[in-house]
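# Descriptive analysis of the structure
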Amino acid sequence: MTPRISFRFVSLALVLSALSASAQQQVLDPAAVRHRLYSPENRLELSLAVGLPAREYLTGHYNLNVGVAYNALRTLGLEARGGYALSRHTGLARSLSESFLNREDKRITDELSDMWEMGAHGVVGVRWAPIYGKLSLLSDATAHFQAYLWAGGGLASLRRESIVQCSRVVDRARGICDNRTNPTDASTATESYWRTDSRVAPVVSAAVGLRFFLTQRQALRLELRDWVFQDQFRVNVDRERWEAGQESGEPSPNPGFTHLVQFDLGYTFLF
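A brief report on the enclosed structure follows. (Residues numbered from 1 in each chain as written. Predicted model: local features only at pLDDT ≥ 70, side-chain atom pairs only at ≥ 80, totals over all residues. Heavy atoms only, no water.)

## A short note on the layout of surface pockets
- Empty space within the largest pocket amounts to approximately 420 Å³.
- Considering the residues around the largest pocket, the lining is formed by 23 residues, among which H89, R94, E161, D178 and S192 are closest to the centre.
- Looking at the lining of the largest pocket, the elements with two or more residues in it are β3 (76-89), α3 (91-101) and β6 (142-166).
- A class-by-class count of the residues in the lining of the largest pocket yields six nonpolar, eight polar and nine charged. (1 Å grid on protein atoms, 1.4 Å probe; cavity = no way out; pocket = protein on both sides within 12 Å on 5 of 7 lines; lining within 4 Å. Points joined across faces, edges and corners; volume = space filled by probe spheres on them. Helix = DSSP H or I, 4+ residues; strand = E, 2+ residues; numbered from the N terminus. Nonpolar A, V, L, I, M, F, W, Y, C, P; charged D, E, K, R; others polar.)

## Digging into the packing of aromatic side chains
- Taken as a whole, this structure holds four aromatic pairs when the rule is applied.
- Taking the centre distance of 6.2 Å and the plane angle of 50 degrees together, the rings of F145 and F212 count as tilted. On the criterion of sequence distance, the pair formed by F145 in strand β6 and F212 in strand β7 (residues 194-213) is long-range, its members being 67 residues apart.
- Overall, the relative accessible area of 7% leaves F145 in the buried class.
- The buried category is assigned to F212, whose relative accessible area is 19%.
- Taken together, the aromatic side chains of Y38, Y132 and F213 make up a single cluster linked through ring pairs. (Phe/Tyr/Trp six-rings, centres within 6.5 Å; stacked < 30°, edge-to-face > 60°. Buried < 20%, exposed > 50% of the residue type's maximum accessible area, 1.4 Å probe, protein only.)

## Focus on the nonpolar core
- M118, L158, V203, W227 and F229 are the most contacted members of the largest nonpolar core, which totals 15 residues.
- Among residues more than four places away in sequence, those in contact with L158 are W116, E117, M118, D197, S198, R199, A201 and F229. (Core = buried A, V, L, I, M, F, W, Y, C linked by side-chain atoms within 4.5 Å. Contact = heavy atoms within 4.5 Å.)

## Overview of empty space enclosed by the protein
- If you walk through the whole model with that rule in mind, you get one cavity of 30 Å³ or more.
- The calculated volume of the largest cavity comes to roughly 30 Å³.
- Around the largest cavity, the lining residues are P40, N71, L73, R74, T75, L76, G77, R127, A129, Q146 and R211.
- Secondary structure elements with two or more residues in the lining of the largest cavity: β3 and β5 (116-136).
- Partitioning the lining of the largest cavity into residue classes produces four nonpolar, four polar and three charged.

## A word on the state of the cysteines
- Applying the stated rule across the entire model yields one disulfide.
- Covalently, C166 is tied to C177 through a disulfide, its sulfur atoms 2.0 Å apart. Here the disulfide of C166 and C177 is right-handed, its torsion about the S-S bond being about 105 degrees. Remark: C177 occurs in the loop between β6 and β7 and C166 occurs in strand β6; sequence separation between them is eleven residues. Each of the two residues, C166 as well as C177, counts as buried. (Disulfide = S-S within 2.5 Å.)

## Observations regarding the pairing of strand β12 (residues 257-270)
- Where burial is concerned, the two faces of β12 differ: the one with T258, L260, Q262, D264, G266, T268 and L270 is buried and the one with F257, H259, V261, F263, L265, Y267 and F269 is not.
- With nine bridges joining them, strand β1 (residues 43-53) and β12 adopt antiparallel strand pairing. Within β12, the residue paired with G51 across the bridge is D264.
- Here strand β8 (residues 218-230) pairs with β12 via 13 bridges, running antiparallel. Along β12, the bridge assignment pairs L220 with Y267. (Pairing = 2+ DSSP bridges.)

## Some thoughts on the pattern of salt bridges
- Inspection of every chain in the model, using the stated rule, returns 17 salt bridges.
- When the shortest N-O distance is used, the salt bridge between D264 and R81 registers 3.2 Å. Placement of the pair is D264 in strand β12 and R81 in strand β3, with a sequence separation of 183 residues.
- A relative accessible area of 5% means that D264 is categorised as buried.
- The salt bridge partner of D197 is R195, with a shortest N-O separation of 3.2 Å.
- Taking relative accessible area as the criterion, D197 reaches 28% and is therefore assigned partly exposed.
- For R195, a relative accessible area of 16% gives the class buried.
- Each of E45, E79, R81, R127, R211, R221, E223, R225 and D264 takes part in a single network of salt bridges with overlapping partners. (Salt bridge = Lys/Arg side-chain N within 4 Å of Asp/Glu carboxyl O.)

## Considerations on unusual backbone geometry
- Not every positive phi belongs to a glycine, and N42 is a case in point at roughly 60 degrees.
- Residue classification places N42 among the exposed positions, given a relative accessible area of 51%.
- The phi dihedral of D114 falls on the positive side, at around 60 degrees, and the residue is not glycine.
- Take D114: it is sitting in the loop between β4 (108-109) and β5.
- For D114, a relative accessible area of 28% gives the class partly exposed.

What follows is the structure, encoded as structure tokens:
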């Protein structure tokens, strides 16, 4: 590296440092950071949260969670979370399942990935909150906050409904594989004939979040959370064999991982 280039990099670093320091002075109150008006240290907390999908492809999840945590330090806590996800097929998945049955060029096909739906789940993780500060909302109103990272793991119940393997084709031209009473209204069905599988599997969860302190005992929490588990699906499925009641296909050798990314909105009560 030439001296001129080195000098430019040093100058750029100094400028960025000055801008960062200026931004912190505008957003963070040094007294708030030093005195920590709201400190969770050595306190238990109970949290309720609702998770909404950040993106949807073939499945949609709406997560309900309860969490119990102990804050051993001002910046470090241990949390156990458990809940249930209300899950469903998206409109795209339903459209693909209906169009598949009447396609003559899809006699042998692969199942689609990322079709598992999460149900009950529980995880234990560590929350690290190295940043504490306050934001000026109005002339006389401020919001004290913590920014944190969360990581942990546990178990989840998973269910998968195929959009390829139908055990009882009711109407191939319309792609119907259920007992609906109205051919144009899938909500009238009480039983589906698509193949279903279920399992309990390890799940890893990670999040980045903010919690805004409302009082000494209450806080509002905002998170971007990712739930990760190993995918499973079958390849080389022979449609005619499956519809005749014979097992077909084999597990994918490289199924990869499924990511359920959600926005969480929660409320925390500190004891």
